[in-house]
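One letter stands for each residue in the lines below.
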Amino acid sequence: MSGPAFPYNTVVSDGERGPGVDGRIGHFKVVGELGRGGMGTVYVGLDETLGRRVALKVIRPDQRLDPLRKARFLREARVLAKLDHPNVCKLHDFIEGAGHDCLVLELVEGRSLREAMEGSLDHERKLDIAEQLFDVLVAVHGRGLIHRDLKPANIMLCDSGIKVLDFGLARPVQDPDALSGEFPAVSGGDPRSADGPDGAGMTTAGSVLGTVGYMSPEVARGEPATAASDLYAAGLILQELFTGRRAIPEELPAAERHRRAMWSELEPVEGLPADLAALIGRLESLVPENRPSAIDAAAMLRAIRERPRRQRRRFLVAAVWAILALFGVGMTIQFLRAESEARRAEAEASTAREVADFLIGLFEHASPRVSQGEEITVRDLLQRGAETIEAELEGQPAVRARMLHTLGIVHYHLGYYDDAAPLLEESLAIRRGLPVRDRREELVDSLSALGMVRRAEGRYQESAALFDEALEAVADASGEVPAAHAHLLVSRSGLDQDLGEWAEAESRLLRAVAILEARPEGVDQGLTDALYDLATLYRKLRRLPEASRALERCSELDREVFGERSEQVAGDLAELAAVAAVGEHYDQAEVYARQSLELRREILGADHPHVGHSATTLGYVLTRLGRTSEAETAYRRALEIYRAGYGPEHPYVGDALHSLGAIASEQGRLAEAEAMLRDSLRITEASRGPEHPLAAETLHNLALVLVGQGRLDEAEALYRRALAIREGAYGADNPRVAETLEAYADCLRDVGRTGEADRMRVRAAAIRTAANDAG
């Protein structure tokens, strides 16, 4: 049986019955109709022999003559015959007659999940539904089958639990007749058919079959369905079930839904517990191999359900403990140091005991005795930790500074920069007041940490001063630690790039790489950071062979050290996309960009600033592909993330406004483009300085807008400024200089200054020729 639930007391007249003689099929009496679909009609039948009501799924006579349609009908019968599961609609019989073929199915009385989601379901009921769905997939996949058309309309809710229906598209996993290799043509769907209630449309016969709103990316691209495709559909169903919103909005045009399905461009999963959101995120992975199996998904969901509130709190505490240990608490290390360094033994042991007492008190907040049933998050614990430091560690400055530093670093890595800054400022102030002896390393740590926060906030001059002080402190220390020096060089070089100081950035990075490559201890994360920043620098300077070499080495090390699914690899993928796009390998660039975006969403959550970076990269690639509407969507998402995470005046907000302004200009929305570009220019000049190369980019595009508005004198002044900045930043023979010369020449020609325009065009042509010869 398939389709929506219809009233089971519907009685049809003899003229409406259709199948059989006098409204009969074999020994079944037809007493009502449930629904009609593309292949036939489903009736309510009465088994007069056994006295039970059944569902009669009858194929239309014209469909019986189509061998593909009949094969699908027979396949459903064979699939159901293999399955005996309480959550799968049972097959009682198959009747093949002269005028009809009929599946005799269990009559499922209830309502579809589609209907149920339009009402209200409590959280436990939703978890029941999800758990039973995974149990079905375990059974189906365990039989070597795949469903291929999971969706809310094919799941019925009844007193005994859920029932999964409509196995008409199901196939063995290795079915040689499985359709693949074509992109499906999408139809609007018939509201009376099984796919109608989901509003997503079925793909037409002759191509891959399925419902677009619940189709996996690989199937949407015309590739064969696998068990992982069913798990992807299950993820979409869970997202809609728990959030109340479809992963692909139904109001979008069919072609846009199909495009989003191909690339897993889904609405964000918001408002759910982290573990449940993580499960859905894994199910919705763009890459099939990254999705859990049905068995693993069922186990993960049961773990989520069975974990009592106390265990959830303990997990959060363990997470905080792990983060604190990672970023510097190190009580065990302190006790070991106390044994090996007699001069600091008493002080370190005392500090370690204070840290232990602090952590015990912090974690006590999460116990049921204290929380009294209140849910405690990691951020709650961090906030309470800061409050505890304020109230209880006034007399222990070394411990207080260490804990403030640690909590500040945790906030920084979570993207909570406003919370991180005051913690790190106070830690640094305390450490500046402690005796220098044996505290230099901690002082450098504080300077570096606050420098990272200031850079993230876009306060570049303050960040530079902090890093320069840290570098000076390391250089002054007796027995300089090369690794620490190299790490600071890498951080400082990032600021050089932010400020457009390319030569200084390259010099620092090459020194850092030389130091870190020579270390006998093995690969250091600072080395991969340095290689990544070198690749970024060379890409900005259009030195693509050097960028590719640095990035190849960086990516290899990151995968080796951090694993395939890590934030480091996600960053590498974003830079690979940017390098490929600059090299005009746009299709490959899009793949990298989407992989980066998906991985960062999975690891960091939908709203982390680094997700905005990947969205920006995707927007850049889509712009180069000429898909400006899609690019605008990506840039607007990045702008939203940046404004929420950094504030309205951050340099990245200016960058996103610049990109959106360029798109608006290209689409002829000149007033909107001018407003965005002027905002971008204001933010860039305030944060990076009026001579920054990105200011030249914005000046150039703003001048184009003014030319389009006929404001040629204003445009000429902007081109003049852009040209001067680009010549200073990149050199007089850089292709970007040629780009401005060409646009400037067009403007001059429009105002009648043809001689100057011709000279500029000759110079631009010479630059282009030289660049092509060098390349």
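Above this note sits the structure.
Residues numbered from 1 in each chain as written. Predicted model: local features only at pLDDT ≥ 70, side-chain atom pairs only at ≥ 80, totals over all residues. Heavy atoms only, no water.

Caption draft 1: Up close: the overall build of the chain. Along the backbone of the chain there are 33 helices and 11 strands. Put simply, the chain has 775 residues, and 53% of those count as buried. Sequence-distant contacts, at least 24 apart, represent 62% of the contacts inside the chain between residues at least 6 apart. When the accessible surface of the chain is totalled, it reaches about 33,400 Å², and 52% of it is carbon and sulfur. (Helix = DSSP H or I, 4+ residues; strand = E, 2+ residues; numbered from the N terminus. Buried < 20%, exposed > 50% of the residue type's maximum accessible area, 1.4 Å probe, protein only. Contact = heavy atoms within 4.5 Å. Areas by Shrake-Rupley, 256 points an atom, 1.4 Å probe, with all protein chains shown as cover.)

Caption draft 2: Here's a closer look at the pairing of strand S9 (residues 155-158). Judged by which residues are buried, S9 turns out to be covered on both faces: Ile-155 and Leu-157 on one side and Met-156 and Cys-158 on the other are all buried. Summarising the sheet, strand S7 (residues 111-112) and S9 pair through 2 bridges and their orientation is antiparallel. In the strand pairing of S9, Ser-112 is matched with Met-156. Taken together, the 4 bridges between S9 and strand S10 (residues 161-164) define a ladder with antiparallel strand orientation. When the sheet's bridge partners are listed, Ile-155 is paired in S10 with Val-164. A loop of 2 residues connects S9 with S10, the two strands running antiparallel in sequence. (Pairing = 2+ DSSP bridges.)

Caption draft 3: Representation of the side chain of Glu-697 within the structure. By the secondary structure assignment, Glu-697 is in helix H30 (residues 693-708). Contact partners of Glu-697, with chain neighbours within four places excluded, come to His-658, Arg-726, Tyr-730 and Arg-736.

Caption draft 4: Local environment of the sheet that holds S9. As summarised here, the arrangement of the 3 strands in space is S7-S9-S10, forming an open sheet in which the pairing is antiparallel. Each edge of the open sheet is held by one strand with a lone partner, namely S7 and S10. Of the strands in this sheet, S9 and S10 are in contact with helix H5 (residues 123-142), which crosses S10 at around 40 degrees. (Axes fitted to C-alpha atoms, helices over the stretch in contact; angles between N-to-C directions.)

Caption draft 5: Seen up close, helix H24 (residues 567-582). Between its terminal C-alpha atoms H24 stretches 23 Å, which fits the 22 Å expected from 16 residues at 1.5 Å a residue. By the criterion of burial, H24 is predominantly enclosed, with 14 of the 16 residues buried. Positive phi appears at Glu-584, one or two residues downstream of H24, with a value of about 70 degrees. (Expected span 1.5 Å × (residues − 1).)

Caption draft 6: Local environment of the pattern of salt bridges. Considering all chains together, one arrives at 65 salt bridges under this definition. The closest approach of N and O atoms between Arg-543 and Glu-506, which form a salt bridge, is 3.0 Å. In this pair, Arg-543 is assigned in the loop between helix H22 (525-540) and helix H23 (544-562) and Glu-506 in helix H21 (residues 502-517), connecting sequence segments 37 residues apart. Classification of Arg-543 by relative accessible area gives partly exposed; the value is 26%. When its relative accessible area of 18% is taken as the criterion, Glu-506 is described as buried. Ionic pairing is found between Glu-714 and Arg-711, a salt bridge with its closest N-O pair at 3.0 Å. The class for Glu-714 is partly exposed, based on a relative accessible area of 38%. (Salt bridge = Lys/Arg side-chain N within 4 Å of Asp/Glu carboxyl O.)

Caption draft 7: Here's a closer look at helix H26 (residues 609-624). With 16 residues, H26 should cover 22 Å at 1.5 Å per step; its first-to-last C-alpha distance of 23 Å lies within 8% of that length. Turning to H26, its buried residues number three or more, namely Pro-609, Val-611, Gly-612, Ser-614, Ala-615, Thr-617, Leu-618, Gly-619, Val-621 and Leu-622. On its buried face, H26 is in contact with helix H17 (417-433), H24, helix H25 (586-604) and helix H27 (628-646). The positive-phi residue at the C-terminal boundary of H26 is Gly-626, with phi of around 80 degrees.

Caption draft 8: Looking closely at the packing of H24 against H25. As a packed pair, H24 and H25 sit with axes 8 Å apart at the nearest point and diverge in direction by 155 degrees. As far as their axial angle goes, H25 and H24 are roughly antiparallel. Between H24 and H25 lies a crossing of left-handed hand. Between H24 and H25, the contacting residues are Glu-567, Val-569, Ala-570, Gly-571, Leu-573, Ala-574, Leu-576, Ala-577, Ala-580 and Ala-581 on the first element and Tyr-586, Ala-589, Tyr-592, Ala-593, Gln-595, Ser-596, Leu-599, Arg-600, Ile-603 and Leu-604 on the second. The class makeup of the residues in the contact of H24 with H25 is 15 nonpolar, 3 polar and 2 charged. (Parallel < 35°, antiparallel > 145°, perpendicular 65-115°, else oblique. Left-handed = near helix turned anticlockwise from the far one by under 90°. Nonpolar A, V, L, I, M, F, W, Y, C, P; charged D, E, K, R; others polar.)

Caption draft 9: Main features of the sheet that holds strand S3 (residues 40-47). With antiparallel pairing, 6 strands are arranged side by side in an open sheet as S1-S2-S3-S4-S6-S5. What marks the edges here is a single partner per strand, and that holds for strand S1 (24-25) and strand S5 (91-96). Where S1 meets strand S2 (residues 28-36), 2 bridges bridge the pair, whose relative direction is antiparallel. Along S2, the bridge assignment pairs Arg-24 with Lys-29.

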